[in-house]
Amino acid sequence: MSGGEPLREAERVMTICNACRYCEGFCAVFPAMELRRTFTAADLRYLANLCHNCRGCWYACQYAPPHEFAVNVPRALAELRRASWRGFARPKGLAGLFTRNGRTVGAAGLIAAAVFLLWAAFSAADGLWVRQEGAGAFYRMIPYGAMVGVFSALALAALGALGAGLISFLRQTGTRTREFFALKNQRRGLLDALRLTYLEGGGHGCNYPDERFRHGRRRLHHLVFYGFLAALASTTVAAFYDHGLGLPAPYPWGSLPVLLGLGGGLAMTAGLAGLLYLKARMDREPADEGGRGMELGFLGLLLAVNVTGLLLLFLRATAAMGLLLALHLAAVAAFFALLPYSKFVHALYRWAALVKNAAEQSAAERDPAG
Ligand code: SF4
Ligand code: SF4
């Protein structure tokens, strides 16, 4: 097989696992593996993105180190998964952002903070540190048109790059477009993604941060994911209030945008803090150490978005509003700019792998002998 070391190691461990098959009840990876006798690069990229890193197969494995086979499925698949994201990234010229990604995220956050602070300082009608109240208070700090223009451009660029990345995923994992977009496969894959079925480790929870079975990681992921959706809904409702009803922000406590934003922000903050805590305590043996910076950078940036957003909500009627607005917008801008080149892509490609898995398993159920 041509390809780098992550592909060779993933092929080696999958070949051993396919002969052993002890872990087939843990997750979707092993049943998908068993549909194959040999593994192409496309198969391995798909299996790597199907793995949820629950670590059940690491603690159960009789061939893990110090055995001479040295099987470490979570690490092998995590290293290949990270390498595959570089290959999926579009435009290709930006794939390098996945290298030393933690530093990239940190630098983007700092640059964005400097830009937005300067911008707010120069554009604020009455200065940055001054109390602004009433409808349109935020736009007296940073003009409405400029704010909408910058964030629309960032969101469109991110969506375009993520869409192109998804097309690369389909091509590089040998996924047929027709099967991928079939409604029944989308429904099954989406349900597995929304429930995080394969962080259940066959029903007992996953082995994270150590060998004990726990449901905590799955619940924290749910807090982050559904909190993110609530925050997105808050922004959408606020845009409708502004453009559709002519009611500019800020909105009162008890209004729908504030309730959704507050609920989503608190849920995400709790989920992200919990995930960071688990990451600090996790067993490093089955971990992809090269991806640690990327994971911490992503969690840290999303936490910065939420903490600055909550502070802005609680302190919006004080003189700190301008400073907090600039810092919050900076964190959001950095987050959107790096959306296709950060750990965020794991959500996109895992959903895509789950849909491919749904198509394969449906076909296997229809034709067990095939
Ligand atoms: S991880 Fe180990 S025990 Fe599990 S299927 Fe692979 S070789 Fe067998
Ligand atoms: S780490 Fe979990 S999800 Fe990944 S292959 Fe092992 S059992 Fe499956």
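These figures come from a predicted structure and were not determined experimentally. (Residues numbered from 1 in each chain as written. Chains lettered and ligands numbered in written order. Predicted model: local features only at pLDDT ≥ 70, side-chain atom pairs only at ≥ 80, totals over all residues. Heavy atoms only, no water.)

Of regular secondary structure, the protein possesses 14 helices and 0 strands. Seen in sequence order, the protein has helices and strands lined up from the N terminus as α-α-α-α-α-α-α-α-α-α-α-α-α-α. Taking 21 Å as the expected radius of gyration for a compact globule of 370 residues, we find that the protein reaches 22 Å, a close match to that expectation. In terms of principal-axis extent, the alpha carbons of the protein reach across some 70 × 40 × 40 Å. Classification of the 370 residues of the protein by burial places 49% in the buried group. The contacts of the protein with a sequence gap of at least 6 include a subset with a gap of at least 24, amounting to 72%. Total accessible area on the protein is roughly 17,200 Å²; 64% of this is exposed by carbon and sulfur atoms. (Helix = DSSP H or I, 4+ residues; strand = E, 2+ residues; numbered from the N terminus. Rg over C-alpha atoms; globule rule 2.2 N^0.38 Å. Buried < 20%, exposed > 50% of the residue type's maximum accessible area, 1.4 Å probe, protein only. Contact = heavy atoms within 4.5 Å. Areas by Shrake-Rupley, 256 points an atom, 1.4 Å probe, with all protein chains shown as cover.)

This part is about the nonpolar core. Counting 110 residues, the largest nonpolar core has Met14, Val29, Phe30, Leu50, Leu77, Phe116 and Phe335 as its most contacted members. If you tally residues by element for this core, the top one is helix H13 (residues 321–337), at 11 residues. When sequence neighbours within four positions are dropped, the list of residues in contact with phenylalanine 30 reads Cys17, Cys23, Glu24 and Cys57. (Core = buried A, V, L, I, M, F, W, Y, C linked by side-chain atoms within 4.5 Å.)

What follows concerns the site of ligand 2. The full set of residues close to ligand 2 is Phe26, Cys27, Val29, Phe30, Cys51, His52, Asn53, Cys54, Arg55, Cys57, Val73 and Pro74. Listed by contribution, the elements that provide at least two residues to the shell around ligand 2 are helix H2 (29–34) and helix H5 (73–88). Here the residues of the shell around ligand 2 sort into 9 nonpolar, 2 polar and 1 charged. (Near = heavy atom within 4 Å. Nonpolar A, V, L, I, M, F, W, Y, C, P; charged D, E, K, R; others polar.)

The domain boundaries assigned to the protein delineate domain 1 (5–88) and domain 2 (96–361). Each of domain 1 and domain 2 has a C-alpha centre, and these two points are 29 Å apart. Tallying the contact residues gives 32 residues for domain 1 and 41 residues for domain 2. Across the interface of domain 1 and domain 2, roughly 3,300 Å² is buried in total on both sides, 58% from carbon and sulfur atoms. Considering only the side of domain 1, the residues that lose the most area to domain 2 are His52, Trp85 and Phe88, jointly responsible for 25% of the buried surface there. The interface formed by domain 1 and domain 2 includes 2 salt bridges. The closest approach of N and O atoms between aspartate 288 and arginine 82, which form a salt bridge, is 2.7 Å. (Domains from an automatic or database assignment. Buried area = accessible area lost by both parts, 1.4 Å probe. Salt bridge = Lys/Arg side-chain N within 4 Å of Asp/Glu carboxyl O.)

Summarising burial for helix H3 (residues 41–50): 10 of the 10 residues are buried, a large majority. The set of residues buried in H3 consists of Ala41, Ala42, Asp43, Leu44, Arg45, Tyr46, Leu47, Ala48, Asn49 and Leu50.

With that settled, the discussion passes to the environment of arginine 37. Looking at where arginine 37 falls in the secondary structure, it is placed in the loop between H2 and H3. By relative accessible area, arginine 37 is classed as exposed at 82%. Separated by 223 residues in sequence, arginine 37 and leucine 260 place their C-alpha atoms 49 Å apart.

To continue, consider the packing of aromatic side chains. Per the counting criterion, the structure on display carries 19 aromatic pairs. In this arrangement the basic side chain of lysine 356 is found over the ring face of tyrosine 46, its NZ or CZ atom lying 5.1 Å from the centre. (Phe/Tyr/Trp six-rings, centres within 6.5 Å; stacked < 30°, edge-to-face > 60°. Lys NZ or Arg CZ within 6 Å of the ring centre and 35° of its normal.)

What describes two packed helices is the angle between their axes and the distance between those same axes. Running from N to C, helix H10 (residues 216–244) and helix H11 (residues 256–281) point in directions that differ by 155 degrees, and their axes come no closer than 7 Å. Put simply, H10 runs roughly antiparallel to H11. H10 and H11 meet at a crossing whose hand is left-handed. Here the contact of H10 with H11 is composed, by residue class, of 19 nonpolar, 7 polar and 1 charged. (Axes fitted to C-alpha atoms, helices over the stretch in contact; angles between N-to-C directions. Parallel < 35°, antiparallel > 145°, perpendicular 65-115°, else oblique. Left-handed = near helix turned anticlockwise from the far one by under 90°.)

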